[in-house]
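Observations on the three-dimensional arrangement
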Amino acid sequence: MARLPILEDLGDVSGKRVLVRTDFNVPLSGPDDARVISDDFRIRAALPTITWLLQRGADVVCASHLGRPKGIAENKYSMMPVRERLQELVPGVELLENLRFNAGEEKNDPDFVSSLVRGIDAYVDDAFGAAHRAHASIVGPPRTLPSAAGRLLQREVEVIDGLRRAPKHPFVAVLGGAKVGDKLGVIETLLSLVDELVIGGAMCFTFLAALGHPVGDSMCELDQITTCRRLLDGDKRIHLPEDITGLDVNGDYATYGQRLPTGAKGFDIGPGSAAAFSDVIMEARTVFWNGPMGMFEDLRFAAGTRTIAQAMAETKAFTVVGGGDSAAALAQFGFQDDVDHVSTGGGASLELLELGDLPGLAALRGAPNVR
Ligand code: ADP
Ligand code: MG
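Residues numbered from 1 in each chain as written. Chains lettered and ligands numbered in written order. Predicted model: local features only at pLDDT ≥ 70, side-chain atom pairs only at ≥ 80, totals over all residues. Heavy atoms only, no water.

1. Here we look at the domain arrangement of the protein
Reports of interface size often rely on the accessible area that becomes lost once the parts have come together. Applicable threshold: Here the bounds of each domain stem from an automatic or database domain assignment.
Looking at the protein, the domain boundaries give domain 1 (7–153 + 358–365) and domain 2 (169–316). The centre of domain 1, based on its C-alpha atoms, is set 36 Å off from the matching centre of domain 2.

So, in structure tokens, the structure goes:
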């Protein structure tokens, strides 16, 4: 397999016009026609790549998607607030309008690719969060232009590759969040890599149901129970919560064991489980965490996620956090600087961990400067 080209592989960029695919999909607030950026982390994350290019005399043109417009221009998804912030940080850098204002982006339309590469001499992909999508701006430009991974993409790939190839043991994965169906594939792969797999969040109820426990009205994916039962079968490495907190049938806060009464809803792992999961994290030498342990946006159900975030901060293990909501939880509790790597891509980090490759990476490896 060809190697992933990095910035140095572009050769002399002086006087060249370089298209940089960034992930400027920032959180916004305020009215549709006067949106304000609530966190510019993703813009600042692209600066090492942008300044590397500027210092070597390149003209930089950035391009990104923002939100989910469906192929037409919408005020609330305008790049204007991002463009203004970018001008403050790196004056003179251009930013194209939201790529998803054109239906050709998600369809990977060759005409849209042509319009993107017109007048451009080289391409850099620094949008890890979108690298699992075969969209026009991701896979199109490397077909014709000298191309490279930016510094952010390079680092993300190095970290996840390291987890796949040579993790220090014990290697512990902690999974939570909402959709078990989306994460079953990665669970299969993780079981071939890890020593312990800790499961919390809404997805624990599908596993508890697979053990025959009643889960009340908690989120549970009935069509995934058989798969969960097969994964659990005799595998002592999988840890499920021993206690659950949630709301009883009257809507009052309640604590349960692994069996929930009719009408009860589980929204967090209980204190006993949080302590047990923390112990597993403290003993580890590598930890990958994706997905909150509970509905942490509601403070009544934030305790489990907070305890796990704190263990991630305190353990001596090499710690990697992937997933938008897990990263947000980590930041909410003030621990974002206490882990080794916070991935900028949730879906992309899971898919790279599961499959070992992404469409955006394969495209870069096939670029004319590496072939
Ligand atoms: P990530 O973005 O980190 O990959 P997900 O998107 O899979 O995580 O899931 C995050 C969402 O899961 C959060 O909004 C959280 O409120 C929700 N969640 C976690 N546990 C529960 C639960 N027990 N019941 C309902 N929702 C839950
Ligand atoms: Mg999410």
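That was the structure; now back to the text.
2. Overview of the pattern of salt bridges
Any two side chains of opposite charge can pair, on the condition that their charged atoms come close. Rules: We define a salt bridge as a contact between a side-chain nitrogen of Lys or Arg and a carboxyl oxygen of Asp or Glu at a distance within 4 Å. Here a strand is any run of E in DSSP of at least two residues, a helix any run of H or I of at least four, and the numbering for each starts at the N terminus.
Under the definition given, this model contains 15 salt bridges. The closest approach of N and O atoms between Glu 8 and Arg 151, which form a salt bridge, is 2.7 Å. Taken together, the residues Glu 8 in the segment before β1 (17–21) and Arg 151 in helix α7 (residues 151–165) connect sequence positions 143 residues apart. Where Arg 300 meets Asp 298, a salt bridge forms, and the shortest distance between an N and an O atom there is 2.8 Å. Through salt bridges with shared partners, one network takes in Asp 40, Arg 44, Arg 85 and Glu 88.

3. Thoughts on the nonpolar core
Basically, it comes down to this: In this description, a nonpolar core means a group of buried Ala, Val, Leu, Ile, Met, Phe, Trp, Tyr and Cys residues linked to one another through side-chain atoms lying within 4.5 Å. Burial here depends on accessible area, computed with a 1.4 Å probe over protein chains only, as a share of the maximum for the residue type. Under 20% is buried, over 50% is exposed, and the range in between is partly exposed. Note on definitions: a residue-residue contact is assigned when non-hydrogen atoms from the two residues lie within 4.5 Å.
In this structure, Leu 153, Ile 187, Leu 190, Leu 197, Ile 199 and Phe 207 are the most contacted members of the largest nonpolar core, which totals 62 residues. Domain assignment of the residues forming this core places at least three in each of domain 1 (7–153 + 358–365) and domain 2 (169–316). Beyond its immediate stretch of four places on either side in the chain, Ile 187 contacts Leu 175, Leu 197, Met 203, Phe 207 and Leu 231. If you look at the next biggest cluster of nonpolar residues, it comprises 28 residues, including Leu 53, Leu 66, Leu 86 and Val 90.

4. Details of the side chain of Ser 78
Tracing the chain through its elements places Ser 78 in the loop between β4 (59–63) and α3 (80–89). The exposure class of Ser 78 is buried, given its relative accessible area of 16%. Those residues in contact with Ser 78 that sit more than four places away from it in its chain are Leu 66, Glu 97 and Phe 101.

5. Observations regarding the pairing of strand β12 (residues 253–256)
To be explicit about the condition: When DSSP finds at least two bridges between two strands, those strands are taken to pair.
The alternating pattern of β12 places Ala 254 and Tyr 256 on a buried face and Tyr 253 and Thr 255 on a face that is not buried. Looking at chain direction, strand β11 (residues 244–247) and β12 are connected through four bridges and run antiparallel. What sits directly across from Thr 245, in β12, is Thr 255. Where β11 folds back onto β12 in an antiparallel hairpin, the turn is made up of five residues, including Gly 251, whose phi is positive at roughly 85 degrees.

6. Some words on the site of ligand 1
Going by this rule: When we say a residue is near a molecule or strand, we mean one of its heavy atoms is within 4 Å of it. For the purposes of these results, a polar contact is taken to be a pair of N or O atoms within 3.5 Å, where, inside protein, one atom must be able to donate a hydrogen and its partner to accept one; residues adjacent in sequence count only when each atom of the pair is a side-chain atom. The protein chains shown are the only cover counted for residues, whose accessible areas, like all others here, come from Shrake-Rupley with a 1.4 Å probe. Three residue categories are used. Nonpolar comprises Ala, Val, Leu, Ile, Met, Phe, Trp, Tyr, Cys and Pro, charged comprises Asp, Glu, Lys and Arg, and polar comprises the others, including Gly.
Taken together, 19 residues sit near ligand 1, with Lys 183, Ala 202, Glu 297, Asp 325 and Ser 326 positioned nearest. Between Lys 183 and ligand 1, the recorded distance is 2.9 Å, taken from a side-chain N or O atom to an oxygen atom. About the coverage of ligand 1: the protein hides 83% of its 580 Å² of free accessible area. Those elements that provide at least two residues to the shell around ligand 1 are β13 (265–269) and α13 (324–332). Here the shell around ligand 1 gets three residues from one element, more than from any other, and that element is α13. Its residues placed into classes, the shell around ligand 1 shows seven nonpolar, nine polar and three charged.

7. A word on the layout of surface pockets
Which entries qualify depends on this criterion: Buried and open spaces are told apart on a 1 Å grid over the protein atoms alone, a cavity being a set of points where a 1.4 Å probe fits but cannot get out and a pocket being an open set with protein on both sides within 12 Å along at least five of seven lines. Residues with an atom within 4 Å of a point are the lining residues. Grid points are joined across faces, edges and corners, and a volume is the space filled by probe spheres set on the points.
For the second largest pocket, the calculated volume is near 200 Å³. Lining the second largest pocket are 15 residues; nearest its centre among them are Arg 3, Leu 4, Val 157, Asp 161 and Arg 365. At the level of secondary structure, the elements contributing two or more residues to the lining of the second largest pocket comprise α7 and α15 (359–365). Considering every element that reaches the lining of the second largest pocket, the biggest residue donor is α7, with five residues. By residue class, the composition of the lining of the second largest pocket is seven nonpolar, two polar and six charged.

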